[in-house]
Every structure is written in structure tokens, then in C-alpha cells.
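What follows is each chain in one-letter form.
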Amino acid sequence: MKYLKQLWIQVLIGIVLGVVVGAIWPEFGAKLKPLGDGFIKLIKLIIAPIVFCTVSAGIGHMSDLKKVGRVGGKALIYFEVVSTVALFIGLAAALLTRVGHGMNLDASTFDVAVAADYAKRAAAAHTTWVDYLLNLIPATFVSAFAEGDILQVLVLSILTGFAMGRLGPLGAKVSLGIEQASRVFFSALHIIVHLAPLGAFGAMAFTIGKYGLQSLSHLALLTGLLYATSAVFIVVVLGLICRLIGFSLFKFLRYLRDEIFIVYGACASEAALPQLIEKLERLGASKPVVGLVVPAGYSFNLDGGNIYLTLAVVFLAQATNTHLSFEQMATLIGVALLTSKGTAGVTGAGFITLYATLQVVPTVPIAAMALLVGIDRFMAQCRGVTNFIGNGVAGLAVARWEGELDMVQLRQQLDAGPDIRADDLADAEIEPVET
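Residues numbered from 1 in each chain as written. Predicted model: local features only at pLDDT ≥ 70, side-chain atom pairs only at ≥ 80, totals over all residues. Heavy atoms only, no water.

1. Describing the overall build of the chain
Here is step 1: What the chain contains, in helices and strands, is 21 helices and 0 strands.
Here is step 2: Every one of the 435 residues in the chain was classed for burial, and the buried ones make up 54%.
Here is step 3: Partitioning the contacts of the chain with sequence separation of at least 6, the portion at a separation of at least 24 is 84%.
Here is step 4: Total accessible area on the chain stands at roughly 19,500 Å², and carbon and sulfur atoms take up 66% of it. (Helix = DSSP H or I, 4+ residues; strand = E, 2+ residues; numbered from the N terminus. Buried < 20%, exposed > 50% of the residue type's maximum accessible area, 1.4 Å probe, protein only. Contact = heavy atoms within 4.5 Å. Areas by Shrake-Rupley, 256 points an atom, 1.4 Å probe, with all protein chains shown as cover.)

Below, the structure is given as C-alpha cells:
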């Protein structure tokens, strides 16, 4: 019975029950969507203040403010390199397996309204780089928190941190006060997380109830390929990065098991963003580095989304017997690196990004996107988990690169497991026996 007290077991039970309810009583299951939406809204309620407190207090404690720019630069380099690898892996998986070959689909049979709907949303989300940079500046200090725009909150956090750093002893006192306030928000987070099994139950019941298991079976090969490709990316690419840093990927995954199940059940990687920040700090990564890298990664380091992008485009091309030239595939990689950054936090971001990317491959009928509607929810779960794990590794990688990762604490925590904190390990140390 002790296993039932573990959060990941509770979330897993919620997911299984949601599948059962959605399959047996689909109409009832589809009505349980508010349970999942409510849990995600509660988490999003706490994300902005946690990011603000973590980042601003961390920068406020820095003696070298140039370090902020250095960490940000290293993070962006890491994001672009790993994102490019993810895009190539998705492309290679589709080309090698030819998963869409032989479907011989006629684009005229697709529901054009689906593509038109996402075209409108993509147009609303699309901005020039100038507009994108201007949109990073919130209208007011409070509006960033009210709208829950993490990038705007991050800008405010960095500005506030720099301001506190310039105020000397007074800034240090204010920084300490903000750091203490963050403990209140993390305490609230721990309360909210106990609702994760209920949220996972509602989200899965809705998914199965609305789309049905048959929607998954119709395109099971594509869905399975995304899951398999993402698993290869995590084990091989992220595993290699973990090995270079000096720790085991599988111990890291065990350490994040609660959050991984929450992300999968809620179908949203944001559902575990605050917990990820807290756990990376517990693993020995410095607060300023984690506070900068993880929130930025949720906009710029979407590994699962990148794998999905190239995989989906090539699949649609194969399914509609559309030949892609080498130049088109090279353009696809380049454009996907940009389009995957522009829709962070937008509902239906996966489809919107796919629509924007298809614009550079006009020979692929955009109406064919309708083929993926029924399975997008299942694929979004895989994208979310991959994004989440990727950002966890990114936080530790940049911290290690910056020399801000306590390797002793990292290994001790991973060996001890997720239920043991660093303070508990220190208290449990046994004094050497005199002989």
C-alpha cells in the first residue's frame, strides 16, 4: 500500500481510469475536460510568480552581472544545436521508415475547413522579428503576470534582478525578501500538485471520450513512430549529454517520474515547469542558471515539437505522393528552427507551427493536415514529455558548462531518489567511528 502514496503511481492510476471511462462512456468522458483544464490553470496560476522570484532573486545575488548575458548566450547555443539534431532525427525517421508511403491519399477528400481554421490562428500568432521582440515587453508590470506570458515575466525578472544588483546592501535585502516569498509559492505548488491524479484522469477521459481509441488505431504507425523516435532521441542524444555531464539519464528520469506522468496525463509540459525548477535546484544547479534556462527553454528548446514537425511534414508528403527535393528538406530544417519558436504558449501550437512550416513546402497540400487532427492529442502527450525532459537536461547542461553545478550533490540526489532532499542527505550523514 505504500506505493499508492507515491504521486507517480496515483497519476498513473488516474490515466488508466481516464482511458477506461473514456472508452466505456465516451460522452461522459468528454465532459470531464474541465478537470484537466482546471489543474493546468492552477499550475499556470503559480508559474509566473515562481519564475519571477527565482530569476530576480538569483540575479540579485550575483556579484558579476555580466554572468547573466553569458548564461543566456550559452543557453541559446545549446538550444539551437540540440533543436537542430531533433529536427534531423525526425526527418531521418520519416525517410527511413517511409511510414506514409502507400497511403495514396487524395488531398481533395480532406476537410479544408480544418486547415483554414489553423491558418487563421497561425496568422494571428505570426509576427515579424521586430514585433516578436517588442512583444517581449509587457504593457505594464502587472500585465505580464495577468496574461501568464512567461517570456514577458522573464524580461521583468531580469530587469528587477539587475536593479537589485545595482542597489548594493539594500538590493541584497530586497533579493533575500523575494527569495523568502518564493517559498510561499512553492508551498502552494506542493498543495496543487496533489490534484494531479484528478487532472490526469479528466484529461485522459476527455481525450479518449472525444477522439476514441479508433482514432489512434487509424494512424497507429505514425503515432508509434513519433513515440519511438522521441525515445531514441531521449536515450541516445540526451543520454549522451547526460554522460558528458557525468550522470545517468535513467536515474534522472526516475528522479523526474512524478512530473513526467503529470505532463503526460495533463498533455501539457507547463504542468510541471515549477516543479522542474525546484528539482534542478535540489540536484545542485544554481538558482540563477536554472531560473534563466528552464523558462527560456519552454519557448526555445522544444525538442519533441521539432521531432514532430519534420516527421509530420514528410509523412504528409509521402501519404499524398508528394516528392520532396533535397533543397526543400534543407529549407524545411531551416524554417522549422524559426517557426518552432514563434508559437510558445499558443493553444494548438503544434498544429499552428506545422501549418507555418508547410508554407515553405507548397507542393504538400495543406488540407492534408486534417489527417492528423484525430491523433494530435496523443502526439501532443509525447511532444510534451520530450520537451520536458529536454529542458531538464538543458538546465543541468548549461549549469555544468557555467561551472554552477554541484556534481557531488547531483549524484547523491540521483542515487537517493526523488523523495529525499539534499538537506535530508546532509542530516543522514554518519560520523566516522573513532578506533
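2. A few points about the nonpolar core
Here is step 1: Counting 125 residues, the largest nonpolar core has Tyr78 and Leu396 as the members making the most contacts within it.
Here is step 2: Setting aside chain neighbours within four positions, we find leucine 396 in contact with Ile245, Phe247, Phe252, Leu280, Leu283, Ala285, Leu405 and Leu410. (Core = buried A, V, L, I, M, F, W, Y, C linked by side-chain atoms within 4.5 Å.)

3. A word on the packing of aromatic side chains
Here is step 1: Under the defined criterion, the tally for this structure stands at 5 aromatic pairs.
Here is step 2: With a centroid separation of 5.9 Å and 85 degrees between ring planes, the pair formed by phenylalanine 52 and phenylalanine 141 is classed as edge-to-face. With a gap of 89 residues between them, phenylalanine 52 in helix H3 (residues 33–60) and phenylalanine 141 in helix H7 (residues 141–147) connect regions that are remote in the sequence.
Here is step 3: Accessibility expressed as a relative area gives 12% for phenylalanine 52, which makes it buried.
Here is step 4: Aromatic ring contacts, followed pair by pair, group Phe52, Phe141 and Phe145 into a single cluster. (Phe/Tyr/Trp six-rings, centres within 6.5 Å; stacked < 30°, edge-to-face > 60°.)

4. As for the pattern of salt bridges
Here is step 1: The tally for this structure, following the rule as stated, stands at 6 salt bridges.
Here is step 2: Of the charged contacts, one joins glutamate 281 and lysine 287 as a salt bridge, the two residues approaching to 3.3 Å between their closest N and O atoms.
Here is step 3: Judged by its relative accessible area of 18%, glutamate 281 falls in the buried class.
Here is step 4: Put simply, Arg70, Lys74 and Glu402 are held in one network by salt bridges that share partners. (Salt bridge = Lys/Arg side-chain N within 4 Å of Asp/Glu carboxyl O.)

5. Thoughts on helix H16 (residues 303–319)
Here is step 1: Between its first and last C-alpha, H16 extends 24 Å over 17 residues, near the 24 Å set by a 1.5 Å rise per residue.
Here is step 2: Just downstream of H16 lies asparagine 321, where phi reads positive at about 55 degrees. (Expected span 1.5 Å × (residues − 1).)

6. Here's the deal with the packing of helix H11 (residues 220–245) against helix H19 (residues 376–401)
Here is step 1: Packing of H11 against H19 brings their axes to within 10 Å, and their N-to-C directions diverge by 10 degrees. The orientation of H11 with respect to H19, classified from their angle, is roughly parallel. Counting all contacts with H11, which are made through Leu222, Thr223, Leu226, Tyr227, Ser230, Phe233, Ile234, Leu238, Ile241, Cys242 and Ile245, the residues of H19 involved are Phe378, Met379, Gln381, Cys382, Thr386, Ile389, Gly390, Val393, Leu396, Ala397 and Arg400. (Axes fitted to C-alpha atoms, helices over the stretch in contact; angles between N-to-C directions. Parallel < 35°, antiparallel > 145°, perpendicular 65-115°, else oblique.)

7. Some points on the packing of helix H4 (residues 66–97) against H19
Here is step 1: With their axes 10 Å apart at the nearest point, H4 and H19 run at an angle of 135 degrees to one another. Our classification of the angle between H4 and H19 gives oblique. As H4 packs across H19, the resulting crossing turns out to be right-handed. In this structure, H4 contributes Val71, Lys74, Ala75, Ile77, Tyr78 and Phe79 to the contact, and H19 contributes Gly390, Val393, Ala394, Ala397, Val398 and Trp401.
Here is step 2: Looking at the contact of H4 with H19 residue by residue, the class counts come to 10 nonpolar, 1 polar and 1 charged. (Left-handed = near helix turned anticlockwise from the far one by under 90°. Nonpolar A, V, L, I, M, F, W, Y, C, P; charged D, E, K, R; others polar.)

8. Thoughts on helix H14 (residues 273–282)
Because the α-helix completes a turn every 3.6 residues, residues three or four places apart line up on one side.
Here is step 1: Summarising burial for H14: 10 of the 10 residues are buried, a large majority.
Here is step 2: One or two steps after H14, the chain reaches glycine 284, where phi turns positive at roughly 110 degrees.

9. What about the side chain of serine 157?
Here is step 1: Tracing the chain through its elements places serine 157 in helix H8 (residues 150–166).
Here is step 2: Apart from residues lying up to four places away in sequence, serine 157 is in contact with Val51, Phe52, Val55 and Ser56.

10. Remarks on the side chain of threonine 310
Here is step 1: Within the secondary structure, threonine 310 sits in helix H16.
Here is step 2: Classification of threonine 310 by relative accessible area gives buried; the value is 0%.
Here is step 3: Here the side chain of threonine 310 touches leucine 91 through a polar contact of 3.2 Å, landing on its backbone nitrogen.
Here is step 4: Once residues lying within four places of it in the same chain are set aside, the contact partners of threonine 310 are Leu87, Gly90, Leu91, Leu332 and Ile333. (Polar contact = N/O pair within 3.5 Å; in protein donor to acceptor, adjacent residues only side chain to side chain.)

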